[in-house]
Each structure stands twice: as C-alpha cells, then as structure tokens.
Amino acid sequence: MRRLRDRQLPPRLRDLQDEVEGYAREFGLDFFEVIFELLSYDEVNMVAAYGGYPNRYPHWRFGMEYEQLSKGYEYGLSKIYEMVINNDPTYAYLQESNSEVDQKLVMAHVYGHADFFKNNFSFAHTNRKMMDEMANHATRVRRWIDRLGLEVVENFIDRCLSLENLIDYHAPYIKRGPPRVPEGEKEPERIEGLRADREYMRYYINPPEYLEELRRQREEAERQKKRFPERPQRDVLLFLLEHAPLEPWEQEILAIIREEAYYFAPQGQTKIMNEGWASYWHSTIMTQRALKASELIDYADHHAATMAVRPGALNPYKIGLELFRDIEDRWNKGRFGKEWEECDSLVEKQRWDLQLGLGRQKIFEVRRLYNDVTFIDEFLTPEFCLEHKLFVYGYNDKHQAWEILSRDFKVIKEKLLHQLTNFGQPIIDVVDGNFENRAELLLVHRHDGIDLKLDEARLTLENLESLWRRPVNLHTRVDGKGVILRFDGKEHSERRADL
Amino acid sequence: MTLKIHQDHARFKAIVRGRIKQNLRRFIQKGEMIGKRGKDFITIPVPTIEIPRFRYGPKQQGGVGQGEGEVGTILGPAGDGAAQGDGKGKAGDAPGHHLLEVDVSLDELAEILGEELELPRIQPKGNDRIVTEKTRYVGINTTGPESLRHFRRTFRQALKRQIITGTYDPRNPVVVPYREDRRYRTWKVTTRPESNALIIYIMDVSGSMGDEQKEIVRIESFWIDTWLRHHYKGLVGRYIIHDAVAREVDRETFFHTRESGGTMISSAYKLAAEILEADHPPEQWNSYVFHFSDGDNWSADDTRLCCDILEGRILPRVNLFAYGQVESPYGSGQFIKDLRERFGQDERVALSEIADKEAIYTSIKEILGKGR
C-alpha cells in the first residue's frame, strides 16, 4: 500500500490550526507538537479500524471494525470527525469532508486530548514513539506470516486476543509484593546429618547413603513448598510468556499483543476523563474565542450531537464534560470541604458561593492526577446524579426485559465504579502453574457478585490450553457455588470445589 | 484507490461467509444497525465475530444509564442491552410500521444454497409450453465456415507450429498460418422450456412472526423463487405480504420487509384470488401459490373464510397451492391443521411444517418434490 501521502494541511486549515493552537496555549493547555493530517473518509475509517495507527499487522478483526465504520458512514449513521494518537509528536487526523466550523471544533477538541495525553499520570509510562513501534510490530508479524503462512499466525493471534484482557492494568503504576529473589543468590543449606561429636564416628553415624537420602528429602520439601507462581499473578500473559512452552515466533507475537494491550489500557482507563476534558476545551475555546456568529448554529448542532444521550447507555463525552464543569463550579464557589459537607440546610447550600475562583486550577489538577475510577469516586455527587438523571438498569427476569432499577446515588456510584474497575471485566489471577502437581494451570476468578459467562469462559479455556499445552483449570463461582472448570485438550469437565 | 485494510476486510467477509477459518464460524453474531432511507427505516446487517473471553454474564450485570423514567420503566426487551422493541408477541390485528432490510447479497445466498440443495426438476404442465432454442458460441474447432474463423487462435496455432518446427525467427517475426492452423468458433444449441407460469408468493409478516420465523420464510421462499427462476425464464412472480391487511409488493420489498401487525390470512387469499381472476386465466397460465405463515390466524372465522376462498376461487385456477407453516414460539399454529382437515386429500395442495432452519431443506423438497 502506498503510504498515507504527505497530507500537509491546506493553507486555510493551517491558519485555523495556528489560531486554535494559540487559544489552547492561552488557556494554559500543555501538549507535544500536534501534527494534523487530512484524510478521506475511507482512510479515516481505515485508521480508526486500526486503532488509530496507519500501519498494523494483518488481522481480520481490523477488517471487521472497518466494515462497521464504513457501513455506518455510508448509511449516514455515524461519522468520525477526528482521531488523535498518544504519541510525541501527537498525530491527529481530520476528515476531509468536515466543514470549516467542524474542523475548528475538532482541532480544539484535539488540543484537549493532546494536553491530556501529555499530562495525565496514566500515560506517563506509555511509549511516546508508538507510531514507530506499531509499524515495527506489523513488520515482525508479517515476517512470521511470510514464513509460516497467514492462517497459522492468524489463528495464534486469535487465541492471544482471547486472553488479551488478562493483564495487570495497574502494574505500570505500582509494585506488587517484594522483589523476587533470583534463584542463584540463595545459599544452599549444608546437609549435616546427625550430630557426631567424634570425628572418627562421623562416617558411621552419617553414612553417605544417609546424607544423600536427607538431601533428596529436603529438595523434595523445597519443591513442594515453592509456589509457582509465588503469589497470584494478574498478568496472565506475562506468566504464559515466561512459563508456557511456546515456539519463538509464538512468544514474539504474544509479547506484541501484550505490549499493545498495555499501551491501549490507559485510554480505556481514562475514557470519561479524556473525552470530558477534550469536550470541555472544545466548548470553551469555541464559545469564548474561535466561533464566528455565522457558525453558531452548526457548532451548536454538532456539539449537541456529540453530547446526545440515549437511555441505557452512558455517553462518556457528556458525563465527563459535565463533571469537569461541575468541579469547576464547585471550586469556584467553594462548595467543597468540611463546612460544605456538614451543612444540612438546603437553602444555604443553594446560595453557597465563597467566590474562591479556584475552579480552573482545580480541573487542571484533576486532569493530571486522576483516572476514571478515582474521578468518579471523588467527584460524583448526589446532586450531579439527580441533575443528570442517572440511573441503574438491570435485567428483570419476571418481565423479561431491561428496566430501570434504581436512582439511588449510592447504587449508581457503586455500579459505575464497578463498570470501570478493571474495565468492567472479571478479575482473574494465575494461582498455580503446577496445579495438583500435574503441571496444570489454575486460574482463579475473584467473584464479586457477577457470574462469568460460562460458555465463553469454556471457549477461552480452550485457547488457554492451546498455549499452555497442558490441562487448564478455572475456579469461579456459579450461582453461589464454587466450581472448577477444566479443559484437558479434548474435553471439558466441571466439579464443585472451594479453594 | 486501494487501502491496506481491504485485505483484512476481504478476509473478514470470507470468514463470515464461511469460506475460510471454519473454527471462527461459531463466534459470528448477527448485529444490525438501524438507519433511514427516505421515509423508510432500514436495518443494516453488521455481522461481528466475538472472540471468546472471560467476561461477565449479562443478566446480573446491568449498568448505568441516563435519561427520563421511573424506577421500573422498561428500557428494552430481552436480547441486547437497549435494543428497540421489535414487535415480539401474539398476533394482534393492527397493521404496524415497516422496516426494510438492505445489504443482503442475494447472489451470494443463492450460490451457497445452490451448492447444498439438490432438487428435482419441476415439470410444468399445460399446453402452452414453448421450447426456445438458443445458440451460444462455446468452443473452438478445426473446421468451420470462414466467417467464423478465430483469427487470434489461428495465428497462435501458426506461431506454435513455427516455433516447434524451428521456422520462427524473432528478428523477423512473420507468422503465416497454413490451412491446418485455422481455428473456427463452434456453437452449441441449448433448449430451455418456457412456460406461462405464474407464481404467487404470500408471506405472513405479522408481529407474531418472530425474527427467526421471518428469516426461515424468507430463506425458503427466496430459495424456491431463485430456483424456479433459474429453470423457467418465462416465469412471472407476484408477491403478497400480509399482516392484518394484504398488499402486493415487488420482489425486493417482499424479501426485505419486516412488519409488525396482526394476522388476517383471508386478506391475502382474497388478494391472490383477485390477481388470478383478473390477470391469469387458468387456460393460459400454470399458476402456483406459495403461502408461508406461522399459522397463528386472527380468528376461526377468518380461517373458515380462507378455506372458502381457497376452495372456491383459488384451487380451481392453480396447479399447486403450497402452504408452509413455520413453527412459532407461541405454539398456536392451528391453520395447517384446519387446512389439512379440509384439503388433506386434495393433491393440488401441499402442506409442510417447518420446525426450524434445519428443516428448510426438507420442507423445500416436500413442497417442490411433488413434481407438479
């Protein structure tokens, strides 16, 4: 394929960029250099299908994404206005057919994202040369495809993707447990045998066969004692990389999938904040600086479309934007801290305004130090839930339908946090790589009130088995009872068990 | 302009069609987008392949949403999260709104089904059968009239001969054909039976027909239609869809419409009878009527009316009346029994029950296999 050609912006857009960038700096946004490129709708769909990168390894799932995006576009249901990549320089793509006011809006939005990528702590560990890295990954995978055939490599990728979410999303930010002691550094204890006071008796009290026997016993005990892994490990992919009997090419591909999963993780962990922040800035820049009177209607129309909500789904743009505005307002008026919390007069609360003007400062701080979980945990208030009509929905078996279950603040917050924690995915650790001393793998699902989707879990076990090459087990709970699901390469079995 | 993604896209499509990577077929899910074309709502099928993962089961899960509504307000029926209500339920008697489905590639469907089904040929009855002859140029021969000489093949043959015999000189590339080099086009005569055949398709598209039922009907009638068309070029098709009211539609609409209303079968039979009486006198036409429904008719009175129309106005004019009843989740399906009672012995009537998608194959054989 030809490279995406040099898509220098036409002069008119170049001017727009300078203008918008000026406003962004004026408001104190801080970003790497932003390079805008102009793409046709088809190219935008392609790049979006590739997760933002113009160069990825061949895989059908990108084609699937592309089909959805292009069908949505062809039937006028959806359109991608822009895309930004967490990279230094930050690349952003504009859709060719956007009208001028759209381009302005999009640019302002992009500068919000660019600022967020650079400053939010979640992205601190990410590779800022990912553009190149992704291309390298593509080349490496292609090389294996040339040697082994597309089918073989793709099937393996399918399996890895099935396990892709089994990584430790927090690993980049914390250290788990004490560092591992490398094997070699432990002094092997001397085997002394029974006490022999007289040197000439030693040989008779501790004959060599006996000492040998002792040593063997101790080694056996050591081996029994040694847990493998030493403590439960969330990063199942790493465990597989280190311990599964993989071919070199398999190892390389699994490592690539894992690296990309870690790279994309922070974007998932800050979806609400990131979109909220970018929306806050496009709205601020547009309404306070960039917008011309003649563009008002178009701007309002597109802004409203972005913020649209439908029941049963949460729009991260909307929630994020409103939360940032809410925080700004509260810190401007001093609606926080002990006095505010303890005030129980509604009237007084409604009139509360200490004129602190700390809002801007606060939201800049928030964008640096929070991710979605902590953001919601700290800044979602009962007033906010009420004002924005949040609710919790669930499945009602009696009515065979989804319905609104509650509008209670506590319930909403709990549900929302649960949805965001670990990406709303079940938490699963590798607990034993030598389960029942048969080199079987044991994973444990930390059950938190929601059962796994069992049919899929079984299929996933099949994929896991094909990497581990020995039977694999998953402990979970089904309808309140502990169960071990096992797949041995041919058959699935299931037994009751509590760990 | 080709984009790199088109390879991935082609590969994805091939997987969905089942051409490659059969192991992924079981993960294919039928999704759809709802869009608008003109005034009509349309559904756009978007198949997806879900790679299995450890994830939460849906029912205990739920989530957080935003919008109006009291506690207990229903957001959507079973199925996916917040899908729109799509008229599942018992037969009612009000016409509903119409949804068109687009972007199904009929050719491909025919291709797939054609490989899998082997059907006996229907021999059309009647005296009006016309056999047409058609000549097609299909091959090459060494003899023939000069007017059909194939110049390129002739010269190619001459070139071959010259190279073999070593008389070809690349520096002076002159090729002279001899008599033996000459090649001529040949033709073949194919005969096709053509007949004045009419097929009336009637489909129940009422709300009580669930998505699966409609799909079954669509697949079966589509296949019958495609297959018959393939064999009989002179075939005229008329299409009727009905819920509480019947209307005649064109072929495309017939295969793509989803409705949601009640069921009054008599309305369709009346319309079919009118079509037969007005345009297709039995002395000139071989007529066939295919009707598909879940058999969940609005009332016994209406069923009686249906039988009367059938007996008095339709059967005397047709070679075959076939009724295929799709098994409905609501288990009523009385209609086929009523028909069987009254017309069970009548050899102009073919009745078939279609339990599920697997049964389409046998059902088509039951209906067409009568060799009428």
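Reading the values: the criteria
Residues numbered from 1 in each chain as written. Chains lettered and ligands numbered in written order. Predicted model: local features only at pLDDT ≥ 70, side-chain atom pairs only at ≥ 80, totals over all residues. Helix = DSSP H or I, 4+ residues; strand = E, 2+ residues; numbered from the N terminus. Buried ≥ 20, exposed ≤ 12 C-beta atoms within 10 Å, placed from the backbone. Contact = placed C-beta atoms within 7 Å. Axes fitted to C-alpha atoms, helices over the stretch in contact; angles between N-to-C directions. Parallel < 35°, antiparallel > 145°, perpendicular 65-115°, else oblique. Left-handed = near helix turned anticlockwise from the far one by under 90°. Nonpolar A, V, L, I, M, F, W, Y, C, P; charged D, E, K, R; others polar. Pairing = 2+ DSSP bridges. Core = buried A, V, L, I, M, F, W, Y, C linked by C-beta atoms within 7 Å. Expected span 1.5 Å × (residues − 1). pLDDT = per-residue confidence, 0-100.

Draft legend 1. Structural view of the overall build of chain A. The helix and strand tally for chain A stands at 20 helices and ten strands. Looking at chain A as a whole, 36% of its 499 residues qualify as buried. Of all intrachain contacts in chain A linking residues separated by at least 6 positions in sequence, the fraction that spans at least 24 positions is 69%.

Draft legend 2. Region of the structure containing the overall build of chain B. Each helix and strand in chain B was counted, giving nine helices and 14 strands. The buried share of chain B, taken over its 372 residues, is 31%. Sequence-distant contacts, at least 24 apart, represent 74% of the contacts inside chain B between residues at least 6 apart.

Draft legend 3. Spatial organisation of the packing of helix α2 (residues 41-49) of chain A against helix α3 (residues 60-74) of chain A. All names here are of chain A. Put simply, α2 and α3 touch, their axes get as near as 8 Å, and they point 140 degrees apart. When the axis of α2 is compared with that of α3, the two are oblique. In this structure, α2 meets α3 at a crossing whose hand is right-handed. Between α2 and α3, the contacting residues are Tyr41, Asn45, Met46, Ala48 and Ala49 on the first element and Phe62, Glu65, Tyr66, Leu69, Ser70 and Tyr73 on the second. When its residues are assigned to classes, the contact of α2 with α3 shows eight nonpolar, two polar and one charged.

Draft legend 4. Seen up close, the environment of Trp298 of chain B. When you line up the elements, Trp298 of chain B lands in the loop between β12 (286-293) and α7 (300-314). Among the residues examined, Trp298 of chain B registers 20 C-beta atoms within 10 Å and is labelled buried.

Draft legend 5. Main features of the sheet that holds strand β8 (residues 472-478) of chain A. Residues and elements named next belong to chain A. Spatially, β6-β7-β8-β9-β10 is the arrangement adopted by the five strands of the open sheet, whose pairing is mixed. With partners counted over all chains shown, the strands left at the sheet margins are β6 (427-435) and β10 (492-496), one partner each. Strand after strand, the sheet turns through a mean of 25 degrees between neighbouring axes, direction not considered. Across six bridges, the pairing between β6 and strand β7 (residues 440-446) is antiparallel. Across the sheet, the residue bridging to Asp429 is Val444, located in β7.

Draft legend 6. Molecular detail of the nonpolar core. Of all hydrophobic cores here, the largest spans 73 residues; its most connected members are Ala92, Ala108 and Tyr111 of chain A. Counting residues per element, this core draws most heavily on helix α4 (residues 100-119) of chain A, at ten residues. Every residue in contact with Ala108 of chain A, bar those within four places of it in the chain, is listed here: Val20, Trp281, His282, Ile285, Met286 and Ala290 of chain A. Counting residues in hydrophobic clusters, the runner-up holds 49 residues, among them Ile199, Ala272, Phe321 and Tyr323 of chain B.

Draft legend 7. Region of the structure containing unusual backbone geometry. Residues and elements named next belong to chain A. Following Asp88, the chain continues into Pro89 via a peptide bond in cis, with omega recorded as 0 degrees. Unlike most non-glycine residues, Glu436 shows phi in positive territory, near 55 degrees. Tracing the sequence through the fold places Glu436 in the loop between β6 and β7. Given 10 C-beta atoms within a 10 Å radius, Glu436 is considered exposed. Of note, the phi angle at Arg469 is positive, near 65 degrees, even though the residue is not glycine. Secondary-structure assignment places Arg469 in the loop between α20 (454-468) and β8. Under the C-beta neighbour-count criterion, Arg469 is labelled partly exposed, with 13 such atoms within 10 Å.

Draft legend 8. Representation of helix α13 (residues 316-333) of chain A in the model. All names here are of chain A. Taking 1.5 Å per residue, 18 residues should reach 26 Å; α13 reaches 25 Å between its end C-alpha atoms and fits that length. Where α13 is concerned, the buried positions are Tyr317, Ile319, Gly320, Leu321, Leu323, Phe324, Asp326, Ile327, Arg330 and Trp331. Looking one or two places after α13, you find Gly334, whose phi comes out positive at around 75 degrees.

Draft legend 9. Representation of the interface of chain B and chain A within the structure. Taken residue by residue, the interface counts 45 residues in chain B and 61 residues in chain A. Top contributing element to the side of chain B that touches chain A by residue count: helix α1 (residues 5-16) of chain B, with seven residues. Its residues assigned to classes, the side of chain B that touches chain A comprises 19 nonpolar, 18 polar and eight charged. Sheet topology note: the strand β4 (residues 390-396) of chain A/strand β3 (residues 63-66) of chain B ladder contains four bridges and is antiparallel. When the bridges of β3 of chain B are listed, Val392 of chain A appears paired with Val64 of chain B.

Draft legend 10. Structural context of the environment of Ala48 of chain A. Checked against the element boundaries, Ala48 of chain A lands in helix α2. Taking the number of C-beta atoms within 10 Å as the measure of exposure, Ala48 of chain A has 21 and is therefore buried.

Draft legend 11. View of α4 of chain A. With 20 residues, α4 of chain A should cover 28 Å at 1.5 Å per step; its first-to-last C-alpha distance of 29 Å lies within 8% of that length. By the criterion of burial, α4 of chain A is predominantly enclosed, with 16 of the 20 residues buried.

Draft legend 12. Here's a closer look at the confidence of the model for chain A. Residues and elements named next belong to chain A. On average, residues of chain A score 88 in pLDDT, and 94% of them are at 70 or above. Per-element mean pLDDT across chain A ranges from 78 in helix α8 (residues 208-225) up to 95 in helix α16 (residues 359-369). Under a pLDDT of 50 for its full length, residues 1-5 has, in the predicted model, seven contacts with residues more than four places off or in other chains.

Draft legend 13. Fine view of the pairing of strand β2 (residues 82-85) of chain A. Residues and elements named next belong to chain A. Side chains Glu82 and Val84 of β2 all project onto a buried face; the interleaved residues Met83 and Ile85 project onto the opposite face, where all are buried too. Where β2 and strand β3 (residues 90-95) come together, four bridges link them in antiparallel fashion. Looking at the pairing, Val84 lines up with Ala92 of β3. Counting the residues between successive antiparallel strands, the hairpin from β2 to β3 contains four residues.

Draft legend 14. Spatial organisation of the sheet that holds strand β1 (residues 34-39) of chain A. Residue and element names in this part refer to chain A. A sheet is described by the order of its strands in space; here three strands give the open sequence β1-β3-β2, paired in mixed fashion. What marks the edges here is a single partner per strand, and that holds for β1 and β2. Each strand of the sheet is rotated relative to its neighbour by a mean of 20 degrees, with strand direction disregarded. Where β1 meets β3, six bridges bridge the pair, whose relative direction is parallel.

Draft legend 15. Inspection of the packing of α4 of chain A against helix α12 (residues 296-307) of chain A at higher detail. All names here are of chain A. Interaxial distance between α4 and α12 falls to 9 Å at its minimum, and their mutual angle equals 50 degrees. Comparing the axis directions of α4 and α12 gives the class oblique. Relative to α12, the crossing made by α4 is right-handed. Judged by residue contacts, Val101, Asp102 and Leu105 of α4 engage Asp298, Tyr299 and His302 from α12.

Draft legend 16. Spatial organisation of the environment of Gly312 of chain B. Residues and elements named next belong to chain B. You can see Gly312 is positioned in helix α7. Of the residues examined, Gly312 has 10 C-beta atoms within 10 Å and is grouped as exposed. Taking C-alpha positions, Gly312 is 9.4 Å from Ala273, a pair spaced 39 residues apart along the chain.

Draft legend 17. Structural detail: the confidence of the model for chain B. Residues and elements named next belong to chain B. The predicted model of chain B has a mean per-residue pLDDT of 74, with 72% of residues at 70 or higher. With pLDDT under 50 throughout, residues 78-128 is counted as low confidence; its partners more than four residues away or in other chains account for 105 contacts. Listed scores for the predicted complex are pTM 0.64 and ipTM 0.80.

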